[in-house]
Every structure is written in C-alpha cells, then in structure tokens.
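# Analysis of the macromolecular model
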Amino acid sequence: MNEWHRYVQIIVDEIDSCIKQKRDEALTLSRLSERLGYSEYYVSRKFREISGMSFRDYLRNRTLAFALKEVADSSKGFLEIAVDFGFSSQEAFTRAFKDAYGVTPGEYRKNPAPVALRTVLTPFDCYLSDIGGTSMTNDIKIYFVTIPAHKYLHIRNYESIGYWDFWQKQSKIPGQDCETICNLLNNIKGKLDDEGGTEANSGSGQLMAFINEPTGRICSWGIPLAESYGVRLPADYSGEIPEQMQLMYVPEGEYIVFEHGPFDYETENEAVERKIEEAMKSFDYEKSGYKLDTTQGRVFYFYHDCKRFWKYVRPVIKAN
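Quick notes on the rules
Residues numbered from 1 in each chain as written. Predicted model: local features only at pLDDT ≥ 70, side-chain atom pairs only at ≥ 80, totals over all residues. Heavy atoms only, no water. Core = buried A, V, L, I, M, F, W, Y, C linked by side-chain atoms within 4.5 Å. Buried < 20%, exposed > 50% of the residue type's maximum accessible area, 1.4 Å probe, protein only. Helix = DSSP H or I, 4+ residues; strand = E, 2+ residues; numbered from the N terminus. Contact = heavy atoms within 4.5 Å. Phe/Tyr/Trp six-rings, centres within 6.5 Å; stacked < 30°, edge-to-face > 60°. Lys NZ or Arg CZ within 6 Å of the ring centre and 35° of its normal. Arc of directions from axis to C-beta. Polar contact = N/O pair within 3.5 Å; in protein donor to acceptor, adjacent residues only side chain to side chain.

### Comments concerning the nonpolar core
Among the nonpolar cores identified, the biggest contains 36 residues, and Ile 11, Ile 15, Phe 55 and Phe 93 are the most heavily contacted of them. Secondary-structure elements contributing two or more residues to this core are helix 1 (2-21), helix 2 (29-36), helix 3 (40-51), helix 4 (55-73), helix 5 (78-84) and helix 6 (90-101). At nine residues, helix 4 tops the list of elements feeding residues into this core. Sequence-distant contacts of Ile 11, defined by excluding residues within four places in its chain, comprise Leu 32, Leu 36, Val 43, Phe 47 and Phe 55. If you look at the next biggest cluster of nonpolar residues, it comprises 34 residues, including Leu 153, Met 208, Met 245 and Ile 256.

This is the structure in structure tokens:
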C-alpha cells in the first residue's frame, strides 16, 4: 500500500503540473498508466482504492480547484478561465463550478468565502492548502475537505482532558498504557495516515481524535466529547482488532481544517497551540455557510507532528 501511495502521489503531482502548464494532452489515464507501467484498469482501481474517488472525478475536481483560484484572485473573464481549463464553453464551466461549490463563478468572485474542495484529505491534504477555498489567519491555514468513508480503530476515554491526562488515565487500565497501545497500532497494516514512521504522532499513522458523545466530558468549546487514540483504516478493513480496542465506521463527510506548518517543538509548541485555538474560536462559520457538526459519533481528528504540521480536522455540515 505504501508503494501505491507513492504512485498516486506521482499521479497527483503530474495532474497539478499539467494543469498549471496547460498541458491538457498529458492529462489522460493512458499517459499516466504508461508512465507507471501498469494497465489503465489497474491504475484506475488502485487510485480509487486509495483516494476514495475515480481518476476522472479527481481530475475534474482538481481542475475546478485551480479554476476557483483564478476566479477569486484574477480579473480574467469567465469565458477565458473556462477555455484555459479545458471547458467547452462558459456555460459548461458555470454548471460544473456550481455543481462543485454551490455558487456560480460570479457569486464566488463577489464573496470568495472558503468552500469545500471535492478532493480528499488523504493522501492529498498537502495539495489542498494552497489551492482555492483557503483562508489564512495568524499563520493558520483554514480550508474545507471531504474525507471518504473509513474506519477508526481506537481506545477512548470519557473523562480525560488532553493528551497527557488521557495517557495517565489509560495507564491505570490493564493493557491500555501508551507503550502497549502504540506497539499494537504499529503492527496494524494499511493505516491511511502512515508515512512510514515508527514513533507515535510522527507519521506512523497514529493520532488523537475526539468523538462527539453525550456522555463525554464537556470540552472548552462546550461540546461533550470522548478523547481517543488510534488509527484510520480503509472502509473495507477486515483485519486484526486488538481485544482492548474498538473499531467504528466513519461515513464520508465534510470537515474544516485548521493547520499550522512545521515548527520547533521546544520553543514554539505553546505559541502554535494558542494560534490554532484562536483561529478555531474566531472563525466565522456563518460567512462560510457551514457549522460544526455535533451529531453523535462524528469524529474530530488531531494531528501533531512538529516536522510536518499541527492540524485540527473538525466535522461540519451545511448551515442551511
């Protein structure tokens, strides 16, 4: 799976490069399959397996994401933008744009609020942060993503407050101490966030998450949550489930991401935390057209890896 994550990343790189350079002739499954040395059918199947969408859908939505940036940041006419990005007419571009973002190009240019990009979080999240639908607040990137259905293998605690308190409480439960759980999770195959690391919270696919639960502790923003620690897995995962863990299905949903880039843990950790908390507290959901989804069972992911990012991924729904 790690090899195919690299292959899909190659495809994503090539798609971005071709769109930027207007090389439409290279944006075909045939050309990319030939480059990887596999059949179109096999590449298409693996791409969908990893990304959660077809190659054609990803290409269309990625093209629209670049076009969205032109709509927001340039004074070009919509016909010119439509032609630049391979649409047959301004009408076709307008229909595709509205289908993807819920507004026409004209409406978006007048009010370029963040919108939900129709590309997935994993493994493409780093590609979402600088293309349309992004705002910036005090070094914090804010953007929307759609995360495909997946499973979440984890342990949870209804009383803990924060990472250290979570593990302190878990250490009192036989077989649920930090070392035991992290070692068990390291051996789980197919983790969606696995970057090949071995340490917890540093690319091994392990992460903290908060689950909307009526019986959980009321958090600082007034929502009852259960803290948890685990790994995200493909929706069709049918492998090992350690006896002290539970596996839950997480349906496809929309999320807002608050992300800070790499930082020095020793000198900047507290400052970065304050910046993210302030960005989450001050974000204008009404203007964005979304609101936090507090439905029971929705999951709020927390990624902390100072070499890559600090990132909160919170579930949202349309406000209307």
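### Digging into the packing of aromatic side chains
This structure, assessed with the given rule, holds 21 aromatic pairs. Here Tyr 152 and Tyr 301 contribute two aromatic rings whose centre-to-centre distance is 5.7 Å and whose plane-to-plane angle is 85 degrees, an arrangement assigned as edge-to-face. Remark: Tyr 301 occurs in strand 10 (residues 299-305) and Tyr 152 occurs in strand 4 (residues 150-157); sequence separation between them is 149 residues. There is no split in this pair, since Tyr 152 and Tyr 301 are both buried. Aromatic side chains Phe 258 and Phe 283 sit 5.9 Å apart centroid to centroid with 90 degrees between the ring planes, which places their arrangement in the edge-to-face category. Placement of the pair is Phe 258 in strand 8 (residues 253-260) and Phe 283 in the loop between helix 11 (265-282) and helix 12 (285-288), with a sequence separation of 25 residues. For the residue pair Phe 258 and Phe 283, the accessibility class agrees, reading buried in each case. An aromatic cluster of three or more residues is present, and its members are Phe 210, Phe 263, Phe 300, Phe 302, Trp 310 and Tyr 312. Across from the ring centre of Tyr 301, 5.7 Å away, lies the NZ or CZ of Arg 232, which sits over that ring. One Lys or Arg, Arg 314, reaches over the ring of Phe 300 and ends 5.1 Å from the middle of that ring.

### Some thoughts on helix 10 (residues 178-186)
Buried within helix 10 are the following residues: Ile 181, Cys 182 and Leu 185. Buried positions in helix 10, seen along its axis, are confined to an arc of 95 degrees and lie on one side of it. A side-chain oxygen of the first residue of helix 10 lies 3.3 Å from the backbone nitrogen of Glu 179; this N-cap is Asp 177.

### Here we look at the environment of Gly 205
Among the secondary structure elements, Gly 205 is positioned in the loop between helix 10 and strand 5 (206-218). Judged by relative accessible area, Gly 205 falls into the buried class, the value being 5%. Separated by eleven residues in the primary sequence, Gly 205 and Asp 194 have C-alpha atoms spaced 3.9 Å apart. When near neighbours in sequence (up to four residues on either side) are disregarded, Gly 205 contacts Lys 191, Asp 193, Asp 194, Gly 230, Val 231 and Arg 232.

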